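Breakdown of the fold
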Amino acid sequence: NDKKLVSYEEMLNIIKEKYPTIHRISDLPNDTSKSWKIPEHKGVLSFITSMTEHFCSTCNRVRLTADGNLKVCLFGSAEVSLRDAMRQ
C-alpha cells in the first residue's frame, strides 16, 4: 500500500531537516544499501531502498531465511529449502 510507504527520498528529507550536515558515503559497486554519515555522530545510517529505488541490476546477493530457505531475490517468491536438503 503506497499510503503506508515512506520513500527513501521522504525519509532522507526529514532527516536532513534535523541534520543538515549529513552526507553520503561512497558505496561499493554491488552494495544494496545507501549509507550516510552525520558528522560528529557515531555510526552510519543506511537505507535499503528495494521498494522505491530498485537495485536489481547490481545485486549479487543470496539470502537465507529464518526457516532455512535460500532466496536469490527479495521480490521473487522462488525459494530453495536448504533445511530439507541437509536433512536428507
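The paragraphs below set out a description of the structure included in this document. Everything numeric in this text was worked out from a predicted model, so none of it was measured.

1. A short note on a nonpolar patch on the surface
On the surface, a cluster of nonpolar side chains totalling about 490 Å² of accessible area is made up of L5, I48, M51, L74 and F75. Structurally, M51 is set in the loop between β3 (45-47) and β4 (63-64). Taking relative accessible area as the criterion, M51 reaches 53% and is therefore assigned exposed.

2. Here we look at unusual backbone geometry
Phi at E40 is positive, roughly 65 degrees, even though this residue is not glycine. Mapping E40 onto the fold places it in the loop between β2 (34-37) and β3. Here E40 falls in the exposed class, since its relative accessible area comes to 83%.

3. Some points on the pairing of β2
Where strand β1 (residues 23-24) lies against β2, 2 bridges are found, and the strand directions are antiparallel. For H23, the partnering residue across the bridge sits in β2 and is K37. Here β2 pairs with β3 via 3 bridges, running antiparallel. Counterpart to S35 in the pairing with β3 is S46.

4. As for the pattern of salt bridges
For the structure shown, the criterion picks out 4 salt bridges. Across the salt bridge formed by R24 and D27, the nearest N and O atoms sit 2.2 Å from each other. A salt bridge links K71 to E79; the shortest N-O distance between them is 3.6 Å. On the basis of relative accessible area, K71 is assigned to the buried category, the value being 14%.

So, how was this worked out
- Residues numbered from 1 in each chain as written.
- Predicted model: local features only at pLDDT ≥ 70, side-chain atom pairs only at ≥ 80, totals over all residues.
- Heavy atoms only, no water.
- Patch = residues over 30% accessible without salt bridge, like charges linked within 9 Å, V, L, I, M, F, W, Y side chains within 5 Å.
- Areas by Shrake-Rupley, 256 points an atom, 1.4 Å probe, with all protein chains shown as cover.
- Salt bridge = Lys/Arg side-chain N within 4 Å of Asp/Glu carboxyl O.
- Helix = DSSP H or I, 4+ residues; strand = E, 2+ residues; numbered from the N terminus.
- Buried < 20%, exposed > 50% of the residue type's maximum accessible area, 1.4 Å probe, protein only.
- Pairing = 2+ DSSP bridges.

Limitation: the analysis is restricted to geometry and does not speak to function.
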